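Structural description and commentary
These are the residues of each chain, in order.
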Amino acid sequence: MAIRQIAKIGEPVLRKKAKVVTKFDEKLVELLEDMADTMYEADGVGLAAPQVSILKRVVVIDVGEGLLELVNPEIIATSGEQIDAEGCLSVPGEDGEVKRPYVVRVRAQDRHGNTFEIEGEELLARAFCHEIDHLDGILFVDKVEK
């Protein structure tokens, strides 16, 4: 396991669309573990693979309820609305108010390729949206309201 370099705003990798993961192997496990270590080291609550310069649809999140690993995540349902401040490990020192759904349901795969669904509200819903946006080259600064 290793701490990886976090890409910063302005680096082209952050604006590219990540590719679907098709191989569930040791390299994927290593990526997931390195991403978790990197996120915790940086005091983040989420990290997407493009943020460590890997264009794969892989996300790790921990909003204080334990580590979630999401491979090929997609938002399948949302409800409600919330507006709150967001920041990003790839945009150090900046934050802004972003409108997100209050409840978000995600379908993803685990490190072994098993499909599952998970639902989150408030901060977890926000983290799902924020990290999945990274997989499509979207940063929170693109959505800041104020």
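Refer to the preceding data block for the structure.
Below: a short report on this structure. Sequence order as written defines the numbering, with residues in each chain counted from 1. Reporting in this predicted model follows two pLDDT cut-offs: at least 70 for local features of residues, and 80 or more for side-chain atom pairs to be given and counted; totals over whole chains, interfaces and linings ignore these cut-offs and use all residues. As a rule here, side-chain values come from all non-hydrogen atoms in the structure, and water together with hydrogens is ignored.

1. Focus on the layout of surface pockets
- A pocket here means an open set of points on a 1 Å grid, computed over the protein atoms alone, that has protein on both sides within 12 Å along at least five of seven lines. A cavity is instead a set of points where a 1.4 Å probe fits but cannot get out; residues with an atom within 4 Å of a point line either one. Grid points are joined across faces, edges and corners, and a volume is the space filled by probe spheres set on the points. By volume, the largest pocket amounts to about 270 Å³.
- Taken together, Arg-4, Val-20, Val-21, Thr-22, Lys-23, Asp-25, Lys-27, Leu-28, Glu-30, Leu-31, Ile-54 and Lys-56 form the lining of the largest pocket.
- Charged means Asp, Glu, Lys or Arg here, nonpolar means Ala, Val, Leu, Ile, Met, Phe, Trp, Tyr, Cys or Pro, and polar covers whatever is left, Gly included. Split by residue class, the lining of the largest pocket holds 5 nonpolar, 1 polar and 6 charged.
- In this structure, the second largest pocket encloses a volume near 230 Å³.
- Breaking the lining of the second largest pocket down by element, the ones donating at least two residues are β4 (82-88) and α2 (123-135).
- A run of H or I in DSSP becomes a helix once it reaches four residues, and a run of E becomes a strand once it reaches two; helices and strands are each numbered from the N terminus. Broken down by element, the residue count for the lining of the second largest pocket peaks at 5 residues, all from α2.
- Residue composition of the lining of the second largest pocket, grouped by class: 6 nonpolar, 5 polar and 4 charged.

2. Considering the nonpolar core
- Core analysis: the biggest nonpolar cluster contains 17 residues, and Val-59, Ile-61, Leu-70, Val-104, Val-106 and Phe-128 have the highest contact counts within it.
- Among the elements of the structure, β2 (58-61), β6 (103-109) and α2 are those that each provide at least two residues to this core.
- Counting residues per element, this core draws most heavily on α2, which supplies 7 residues.
- Here, residues are in contact when the closest pair of their heavy atoms is within 4.5 Å. When sequence neighbours within four positions are dropped, the list of residues in contact with Val-59 reads Leu-32, Met-35, Leu-47, Ala-48, Leu-68, Glu-69, Leu-70, Pro-73, Glu-131 and Leu-135.
- In this description, a nonpolar core means a group of buried Ala, Val, Leu, Ile, Met, Phe, Trp, Tyr and Cys residues linked to one another through side-chain atoms lying within 4.5 Å. The buried label goes to any residue with under 20% of its type's maximum accessible area, the exposed label to any with over 50%, and the partly exposed label to all in between, with areas taken from a 1.4 Å probe on protein chains only. Leu-28, Leu-31, Ala-49 and Val-71 belong to the second largest nonpolar core, which has 12 residues in total.

3. Digging into the pairing of strand β7 (residues 115-121)
- Inspection of the sheet shows β6 paired to β7 by 7 bridges, in the antiparallel sense. Among the inter-strand pairings, Gln-109 is bridged to a residue of β7, identified as Thr-115.
- Hairpin connection of β6 to β7: 5 residues between the antiparallel strands, including Gly-113 at a positive phi of 95 degrees. When DSSP finds two or more bridges between a pair of strands, those strands are recorded as paired.

4. A word on the environment of Asp-136
- Structurally, the position occupied by Asp-136 is in the segment after α2.
- Through-space distance from the C-alpha of Asp-136 to that of Arg-57 is 8.9 Å; in sequence the pair is 79 residues apart.
- With sequence-adjacent residues up to four places away left out, Asp-136 is seen in contact with Lys-16, Lys-17 and Arg-57.
- Side-chain atoms alone can form a polar contact between residues adjacent in sequence; in general such a contact is a pair of N or O atoms within 3.5 Å, and within protein one must be able to donate a hydrogen while the other accepts it. A polar side-chain atom of Asp-136 sits 2.7 Å from a polar atom in the side chain of Lys-17.

5. Regarding the sheet that holds β2
- With antiparallel pairing, the 5 strands of this open sheet are ordered in space as β1-β2-β3-β6-β7. On the outer flanks of this sheet lie β1 (46-48) and β7, each paired with one strand and no other. Averaged over all adjacent pairs, the angle separating strand axes in this sheet is 40 degrees, with direction ignored.
- Across 6 bridges, the pairing between strand β3 (residues 68-79) and β6 is antiparallel. Paired with Ser-79 across the two strands is Val-103, which belongs to β6.
- Helix axes are fitted to C-alpha atoms over the stretch in contact, other axes to C-alpha atoms as well, and angles between N-to-C directions run from 0 to 180 degrees. Along the sheet face, helix α1 (residues 26-41) touches β1, β2 and β3 and points at about 40 degrees away from the line of β2.
- In the packing of α2 onto the sheet, contacts are made with β1, β2, β3, β6 and β7, and the angle to β7 comes to roughly 125 degrees.

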